[in-house]
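# A closer look at the structure
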Amino acid sequence: MASRAVSAAWSRANRMQACGPSLLLARGLASSGQKAKEDSWLRSLFVRKVDPRKDAHSNLLAKKETSNLYKIQFHNVKPEYLEAYNKLCEEILPKIHEEEHYPCTLVGTWNTWYGEQDQAVHLWRYEGGYPALTEVMSKLRKNQEFTEFRKERGNMLLSRKNQLLLEFSFWNEPVPRQGPNIYELRSYQLRPGTMIEWGNHWARAIRYRQDGSEAVAGFFSQIGQLYMVHHLWAYKDLQSRDDIRNSAWQKDGWDECVYYTVPLIQEMESRIMIPLKSSPLQ
């Protein structure tokens, strides 16, 4: 057995010697060149690569020039109360939005059209971060009209949930817009630990979707369901949505961004939403 092993090793050595150093050098150069090419291609994927080991992803990915905090609310309404719920919200929510002593803004308010039915979605911005949120909540607890609103609203709901969000630094700021538009809220549950990687890819990918004005805002969760990402888009109608999304695949590089972000997702959901009359995003 030992003699056969020695004989096999001697045979391999003779073959390597017969090939000469040129083959080894060629293999080394090819391997080195391929690695350099791959490294260069990977670097080209990132617009602003951040190192997750250096800081919390909330500091690395959020806008530095603002201290805005966002809250998104999902209210599942009893079907028979949806019309009354909308009427109540259109009466009360603009009052909070317009109250100058409340450091908050109603960004948008919608009903889900396709997706989970009989659902309302509200998006608020708090100018000043967590202190602003605390201030608003404290003042609303002393607001008798809001207390009555919450009591009446509670009788209309099946369930509700909310999340506190920060906005990605590379996305647009959500500002009021004229309608009519439909809105798509695409929500992604990411694998824990992949938020930085998602941000690195989308910092490059967003440029493929900014030829028009469909990109409204992009957020990631801080409190509530974690490792959640929400992308908000506006379209004239469903056909326009389909045309714009298909056109992205004609742009060189979009397919690579999709290829590398899909493995980061655990679950995803798309809602098509219609704005209420009181929504600043129309």
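Only a predicted model underlies this, so the values are computations on that prediction, with no experimental measurement involved.

## Re the packing of aromatic side chains
This model, assessed by the stated rule, comprises 15 aromatic pairs. Between Phe 168 and Phe 170 the ring centres are 5.1 Å apart and the planes differ by 25°, which places this aromatic pair in the stacked class. Assessed through its relative accessible area of 0%, Phe 168 is described here as buried. On the basis of relative accessibility, which here comes to 13%, the residue Phe 170 falls in the buried class. Among the aromatic side chains, those forming a connected cluster through ring pairs are Trp 171, Tyr 188, Trp 198, Trp 202, Tyr 208, Trp 233, Trp 249 and Trp 254. The side chain of Lys 161 reaches across the aromatic face of Phe 74, ending 5.6 Å from its centre. Above the ring of Trp 233, the side-chain terminus of Arg 209 is found at 4.0 Å from the ring centroid.

## Observations regarding helix H9 (residues 254-261)
Listed in full, the buried residues belonging to H9 are Trp 254, Cys 257 and Thr 261. What you see down the axis of H9 is that its buried residues fit within an arc of 60°, all on one side. Where H9 is buried, its residues contact helix H7 (195-205), helix H8 (238-248) and strand E8 (265-275).

## What to know about the sheet that holds strand E6 (residues 215-223)
Taken in spatial order, the eight strands close into a barrel running E1-E3-E2-E8-E5-E7-E6-E4, and their pairing is antiparallel. Strand-to-strand, the axes of this sheet are offset by a mean angle of 35°, without reference to chain direction. Inspection of the sheet shows strand E1 (residues 68-77) paired to strand E4 (residues 157-167) by eight bridges, in the antiparallel sense. Note that in E4 the partner of Tyr 70 across the bridge is Leu 165. Strands in contact with helix H5 (residues 130-141) are E1, strand E2 (104-114), strand E3 (119-127), E4 and E6; relative to E3, the strand with the most contacts, it is inclined by about 115°.

## Quick notes on the pattern of salt bridges
For the structure shown, the criterion picks out eight salt bridges. In this structure, the salt-bridge partner of Glu 184 is Arg 186, at a minimum N-O distance of 2.8 Å. One salt bridge connects Arg 209 with Glu 214, and the closest N-O pair in it is separated by 3.6 Å. The exposure class of Arg 209 is buried, given its relative accessible area of 2%. Looking at Glu 214, the relative accessible area reads 5%, which means it is buried. Ionic contacts of the salt-bridge type, sharing partners, join the residues Arg 125, Glu 127 and Glu 173 into one network.

## Here's the deal with the environment of Trp 249
Turning to its location among the elements, Trp 249 is positioned in the loop between H8 and H9. Sequence separation between Trp 249 and Tyr 208 is 41 residues; the distance between their C-alpha atoms is 9.1 Å. Contact partners of Trp 249, with chain neighbours within four places excluded, come to Trp 254, Asp 255 and Val 258.

## So, the pairing of E1
Summarising burial for E1: 10 of the 10 residues are buried, a large majority. Here E1 pairs with E3 via nine bridges, running antiparallel. Looking across to E3, one finds that Ile 72 is bridged to Leu 123.

## Thoughts on unusual backbone geometry
Gly 179 connects to Pro 180 through a cis peptide bond whose omega is 5°. Position of Pro 180 relative to the elements: it lies in the loop between E4 and strand E5 (182-190). Positive phi is not limited to glycine here, since Asp 118 has a value of about 55°. In this structure, Asp 118 sits in the loop between E2 and E3. You can call Asp 118 partly exposed: its relative accessible area is 25%. Not every positive phi belongs to a glycine, and Tyr 227 is a case in point at roughly 55°. The residue Tyr 227 is located in the loop between E6 and strand E7 (228-235) in this model. Residue classification places Tyr 227 among the partly exposed positions, given a relative accessible area of 23%.

Criteria and thresholds
Residues numbered from 1 in each chain as written. Predicted model: local features only at pLDDT ≥ 70, side-chain atom pairs only at ≥ 80, totals over all residues. Heavy atoms only, no water. Phe/Tyr/Trp six-rings, centres within 6.5 Å; stacked < 30°, edge-to-face > 60°. Buried < 20%, exposed > 50% of the residue type's maximum accessible area, 1.4 Å probe, protein only. Lys NZ or Arg CZ within 6 Å of the ring centre and 35° of its normal. Helix = DSSP H or I, 4+ residues; strand = E, 2+ residues; numbered from the N terminus. Arc of directions from axis to C-beta. Contact = heavy atoms within 4.5 Å. Pairing = 2+ DSSP bridges. Axes fitted to C-alpha atoms, helices over the stretch in contact; angles between N-to-C directions. Salt bridge = Lys/Arg side-chain N within 4 Å of Asp/Glu carboxyl O.

None of this, on its own, says anything about what the molecule does.
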